[in-house]
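# Tertiary structure, described
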Amino acid sequence: MSNATISARKNAAISRGVGMTTQIYAERAENSEIWDVEGRRYIDFASGIAVVNTGHRHPKVIEAVKAQLDRFTHTCHQVVPYENYVRLAERLNGLLPGKFDKKTIFATTGAEAVENAVKIARHATGRQAVVAFTGAFHGRTFMGMALTGKVQPYKAGFGAMPGDVFHVPFPIALHGVTTADSLAALDKLFKADVDPARVAAIIVEPVQGEGGFYEAPRDFVSALRKICDQHGILLIADEVQTGFARTGKMFAMEHHDVAPDLTTMAKSLAGGFPLSAVTGRAELMDSPNPGGLGGTYAGNPLGVAAANAVLDVIEEEKLNDRANLLGSRLKQRLEALRDDVPEIVDIRGPGFMNAVEFNDLKTKLPSAEFANNVRLKALDKGLILLTCGVYGNVIRFLAPITVQDNVMTEALDILETSIREVRA
Ligand SMILES: Cc1ncc(COP(=O)(O)O)c(C=O)c1O
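Below is a short write-up of the structure. (Residues numbered from 1 in each chain as written. Predicted model: local features only at pLDDT ≥ 70, side-chain atom pairs only at ≥ 80, totals over all residues. Heavy atoms only, no water.)

What follows covers the packing of aromatic side chains. By the definition in use, this model includes 9 aromatic pairs. Ring geometry for Tyr-85 and Phe-106: centres 4.8 Å apart, planes at 80°, overall edge-to-face. Here Tyr-85 is found in helix α4 (residues 83-95), whereas its partner Phe-106 is found in strand β4 (residues 102-107), with 21 residues between them in sequence. For the pair shown, Tyr-85 and Phe-106 are each scored as buried. (Phe/Tyr/Trp six-rings, centres within 6.5 Å; stacked < 30°, edge-to-face > 60°. Helix = DSSP H or I, 4+ residues; strand = E, 2+ residues; numbered from the N terminus. Buried < 20%, exposed > 50% of the residue type's maximum accessible area, 1.4 Å probe, protein only.)

So, in structure tokens, the structure goes:
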């Protein structure tokens with residue numbers, strides 16, 4: 001079997017709407033490496049888009065899932081419940097920031113977690129409107145799309161979005177938008193478009209993911225908290241991409257001195273198995289009536305077993321510390337390139353949620369071409385990278401936090417060579 005023959009079959013059989021960044025078909029994967037059907041090995045700096053922070057097939061995760069497979073794979077928690085679902089909820093309630101009683105629900109995807117967070121916020125406040133930010137990504141379901149702050153390819157052509165969703169510019173100093181600018185825009189929104197007394201929630205990514213790996217400034221997050229408290233609005237932190245040690249803390253909101261009312265999680269929660277969650281203030285989480293939340297597969301036993309193991313691994317292997325160490329290594333290596341590669345305009349990111357941003361030298365404008373060429377060169381040399389950003393000019397690094405030192409060194413060498421070759 002070759003990548004090319006499967007690719008041809010894929011083109012005939014699968015909607016082009018499912019965009020793909022590579023045409024290498026996976027045969028097997030282990031920690032930070034993937035082997036394709038032709039036997040070629042790749043270093044995976046994408047982690048299936050931030051899903052395997054604990055590495056592909058972490059032995060503890062696989063062991064937990066195998067044990068669960070041997071017991072039962074599906075009963076539907078709403079019909080015949082299981083203990084490890086309760087245990088996982090208890091653990092998340094204890095781990096999420098905020099000194100108040102918390103409760104949790106499980107779902108399957110990140111978008112579903114976002115949908116549920118909005119449902120809970122609306123039910124608990126009796127209000128309708130939701131405020132999100134430009135550049136945000138919250139998923140591909142209708143509310144997820146509506147909240148997403150990027151039209152192409154996520155919203156265009158998909159018709160009317162749910163109403164009462166408003167966007168405010170996300171503060172990105174590099175692009176000339178300060179915290180004060182964003183807060184002024186929010187104030188204007190409340191004066192011109194929507195009464196804050198009608199707003200159920202403000203949803204924010206502590207570090208924008210698809211939008212370009214921009215960290216929400218500390219003063220911005222604390223101002224949002226204040227504004228929410230002032231108007232009885234709930235603050236939702238979307239930690240789908242930032243959670244589970246990626247930023248050097250279990251949750252990115254731990255970098256801030258305020259807590260959200262509700263948090264959405266998915267991706268690395270279950271280390272490669274589909275599971276998502278919403279955790280929040282107990283009284284809010286209890287607002288919807290029994291049956292209003294849930295789903296047939298919500299909190300699938302295999303995902304729940306994996307997630308309990310993922311939490312153990314993060315703790316046992318001190319992955320927060322490891323994320324900080326790996327992130328500094330990566331950023332140092334990129335910083336050393338700055339003099340030779342003036343296209344680099346920014347190197348950033350907390351923990352191991354890092355990114356490098358490129359501009360065109362002549363126009364000084366964002367260069368998606370430079371970023372994509374680096375990605376392609378690296379892929380050619382066996383390193384899988386992802387781009388992101390509203391302008392597509394950012395390379396984001398989402399390697400497993402369990403990546404071995406020698407594999408990390410190899411990846412950094414490939415990255416440096418690729419950037420230098422695109423420059424030349
Ligand atoms: C911050 C954020 N929220 C929500 C989602 C949607 O998650 P899913 O693709 O699992 O529906 C994503 C996915 O990239 C995300 O990064």
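A few words on the site of the ligand. All residues adjacent to the ligand are Thr-109, Gly-110, Ala-111, Phe-137, His-138, Gly-139, Glu-205, Glu-210, Asp-238, Val-240, Gln-241 and Lys-267. At 2.8 Å from an oxygen atom of the ligand is found a main-chain nitrogen or oxygen belonging to Gly-110. A distance of 3.4 Å separates an oxygen atom of the ligand from a polar atom in the side chain of Glu-210. (Near = heavy atom within 4 Å. Polar contact = N/O pair within 3.5 Å; in protein donor to acceptor, adjacent residues only side chain to side chain.)

On the surface, a cluster of nonpolar side chains totalling about 260 Å² of accessible area is made up of Ile-14, Val-18 and Met-20. Of note, Met-20 is situated in the loop between α1 (3-13) and β1 (26-30). (Patch = residues over 30% accessible without salt bridge, like charges linked within 9 Å, V, L, I, M, F, W, Y side chains within 5 Å. Areas by Shrake-Rupley, 256 points an atom, 1.4 Å probe, with all protein chains shown as cover. Salt bridge = Lys/Arg side-chain N within 4 Å of Asp/Glu carboxyl O.)

A few words now on the pairing of strand β10 (residues 276-281). Of all the 6 residues making up β10, 5 are buried; the element is thus mostly covered by neighbouring parts of the structure. Relative to β10, β4 runs antiparallel, the two sharing 6 bridges. Looking across to β10, one finds that Lys-102 is bridged to Arg-281. Note: strand β9 (residues 262-265) against β10, 4 bridges, orientation antiparallel. From the neighbouring strand, Thr-263 faces β10, where its bridge partner is Thr-279. (Pairing = 2+ DSSP bridges.)

Right, let's talk about the side chain of Glu-210 for a bit. Looking at the element boundaries, Glu-210 is found in the loop between β7 (199-204) and α8 (218-231). Since its relative accessible area comes to 15%, Glu-210 is described here as buried. Within the structure, Glu-210 has its side chain in polar contact with the side chain of Arg-396 (distance 3.1 Å). Ignoring any residue separated from it by four or fewer positions in sequence, one finds Glu-210 in contact with Ile-49, Phe-137, Tyr-154, Gln-241, Cys-388, Gly-389 and Arg-396. (Contact = heavy atoms within 4.5 Å.)

Our focus in this paragraph is the sheet that holds strand β2 (residues 33-36). Across the sheet, which stays open at both edges, the 4 strands sit in the order β1-β2-β3-β13 with mixed pairing between neighbours. Bordering the open sheet on either side are β1 and β13 (383-384), each of which pairs with just one other strand. Here β1 runs beside β2; their pairing, made up of 4 bridges, is antiparallel. Within the sheet, the bridge partner assigned to Ala-29 lies in β2 and is Ile-34. Lying over the sheet, helix α13 (residues 405-423) contacts β2, β3 (41-44) and β13, oriented at roughly 95° with respect to β3. (Axes fitted to C-alpha atoms, helices over the stretch in contact; angles between N-to-C directions.)

Let us look at unusual backbone geometry. Cis geometry is adopted by the peptide bond preceding Pro-153, which originates at Gln-152 and carries an omega value of 0°. At Ser-47, a residue that is not glycine, the phi angle is positive and equals roughly 55°. Its place among the elements puts Ser-47 in helix α2 (residues 47-50).

For the rest of this paragraph, the subject is the packing of helix α7 (residues 179-192) against α8. Two numbers describe how α7 lies on α8: the axes approach to 10 Å, and their chain directions differ by 20°. Relative to α8, α7 is oriented roughly parallel. As for how α7 packs across α8, the hand of that crossing is right-handed. On α8, the residues touching Thr-179, Ser-182, Leu-183, Leu-186 and Phe-190 of α7 are Asp-219, Phe-220, Ala-223, Leu-224, Ile-227 and His-231. Taken together, the residues of the contact of α7 with α8 sort by class into 7 nonpolar, 3 polar and 1 charged. (Parallel < 35°, antiparallel > 145°, perpendicular 65-115°, else oblique. Left-handed = near helix turned anticlockwise from the far one by under 90°. Nonpolar A, V, L, I, M, F, W, Y, C, P; charged D, E, K, R; others polar.)

Strand order in this open sheet of 4 strands is β11-β12-β15-β14, and the pairing throughout is antiparallel. Pairing within the sheet leaves two strands with one partner each, and these edge strands are β11 (344-348) and β14 (386-388). Geometrically, the sheet is characterised by an average inter-axis angle of 25° between neighbouring strands, direction not taken into account. Where β14 lies against strand β15 (residues 394-397), 3 bridges are found, and the strand directions are antiparallel. Bridge assignment links Cys-388 to a residue of β15, and that residue is Val-394. Sitting on the sheet, helix α11 (residues 319-335) touches β11, β12 (354-358) and β15, and the angle it makes with β11 is about 165°.

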